[in-house]
Amino acid sequence: MNKFISALCALGLGAVLVTSVQAATDNDKIIERIKPVGSVCVVGDESCGGAAAASTGSAGRSGEDVYATSCAACHGTGVLDAPKFGTSDWTDRGAKGIETLLANAISGINAMPPRGTCASCSDDEIEAAIEHMLDSAK
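Each chain carries its own residue numbering, running from 1 in the direction its sequence is written. Since the coordinates come from a predicted model, pLDDT governs what is reported: local features require at least 70, and pairs of side-chain atoms require 80 or more to be given and counted, while whole-chain, interface and lining totals use all residues. The basis for every side-chain value is the complete set of non-hydrogen atoms in the structure, without hydrogens or water.

Draft legend 1. Inspection of the overall build of the protein chain at higher detail. Counting its secondary structure elements, the protein chain contains 6 helices and 0 strands. Note on conventions: DSSP H or I runs of at least 4 residues are helices, E runs of at least 2 residues are strands, and numbering of each starts at the N terminus. Overall, the protein chain shows an N-to-C arrangement of helices and strands of α-α-α-α-α-α. The long-range share in the protein chain, meaning contacts at least 24 apart out of those at least 6 apart in sequence, stands at 51%. Note on areas: Shrake-Rupley, 1.4 Å probe, and residue coverage restricted to the protein chains presented here. Total accessible area computed for the protein chain in this model is approximately 9600 Å², and 58% of it derives from carbon and sulfur atoms. Here, two residues are considered to be in contact whenever any of their heavy atoms come within 4.5 Å of each other.

Below you can see the structure in the form of structure tokens.
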């Protein structure tokens, strides 16, 4: 092997061979450094190897649960003119119809950002939270 490398060096090809071997080693080190440290399994994905996959929230949270975790901070206190839970604010809003209220909640309205503070909520969960707030009207 040494005679082969010596012959290549004499022809000027040794530097190419050494550089090529070194580059391959460097690439292997880079690939090792940047490889993913984990993976995500989605329900129904066969590549999880039978591991229990995390739920994506598709089971559907109740309107009360969504309200408590994502809506109460603003609608519980009426901050920035948010219609306050348990008041006639919701009677007035109910006159607009659930479709309008849902569209406003999904796209955002006034100071309320799109989907409020529940980016992970499905449209059905947002609708359930709105209905929960409408039911609270006095």
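Next comes the rest of the description.
Draft legend 2. Summary view of helix H5 (residues 98-107). Exposure is judged per residue with a 1.4 Å probe applied to protein chains only, and the accessible area is read against the type maximum: over 50% gives exposed, under 20% gives buried, and values in between give partly exposed. For H5, the complete set of buried residues consists of Leu 101, Leu 102 and Ala 105. Angularly, the buried residues of H5 cover 100° about the axis, an arc narrow enough to put them on a single face. Those residues of H5 that are buried lie in contact with helix H4 (89-94) and helix H6 (123-135). A positive backbone phi angle near 90° is found at Gly 108, which sits one or two residues after H5. Our arc is simply the arc of the directions from the helix axis toward the C-beta atoms.

Draft legend 3. Region of the structure containing the packing of H5 against H6. As a rule, the C-alpha atoms of each element are fitted with a line to give its axis, helices using only the stretch in contact, and angles between N-to-C directions run from 0 to 180 degrees. Two elements in contact, H5 and H6, have axes whose closest approach is 10 Å; the angle formed by their N-to-C orientations is 120°. Judged by the angle between their axes, H5 and H6 are oblique. Where H5 crosses over H6, the two elements pack in a sense that is right-handed. Taken together, the residues of H6 that come into contact with H5 (itself represented by Ile 98, Leu 101, Leu 102, Ala 105 and Ile 106) are Asp 123, Ile 126, Glu 127, Ile 130, Glu 131 and Leu 134. Charged means Asp, Glu, Lys or Arg here, nonpolar means Ala, Val, Leu, Ile, Met, Phe, Trp, Tyr, Cys or Pro, and polar covers whatever is left, Gly included. Its residues assigned to classes, the contact of H5 with H6 shows 8 nonpolar, no polar and 3 charged. Roughly parallel here means an angle under 35 degrees, roughly antiparallel means over 145, roughly perpendicular means 65 to 115, and every remaining angle is called oblique. Whether a crossing is left-handed or right-handed is set by the direction in which the near helix is turned from the far one by less than a right angle, anticlockwise for left-handed and clockwise for right-handed.

Draft legend 4. Region of the structure containing the pattern of salt bridges. A pairing counts as a salt bridge when a side-chain nitrogen of Lys or Arg comes within 4 Å of a carboxyl oxygen of Asp or Glu. The tally for this structure, following the rule as stated, stands at 3 salt bridges. In this structure, Lys 35 and Glu 32 form a salt bridge, with 3.1 Å as the shortest nitrogen-oxygen distance. Residue Asp 123 is joined to Arg 115 by a salt bridge in which the shortest nitrogen-to-oxygen separation is 2.5 Å. Arg 115 gets classed as partly exposed once you look at its relative accessible area, which sits at 24%.

Everything listed is a geometric property; what it means functionally is a separate question.
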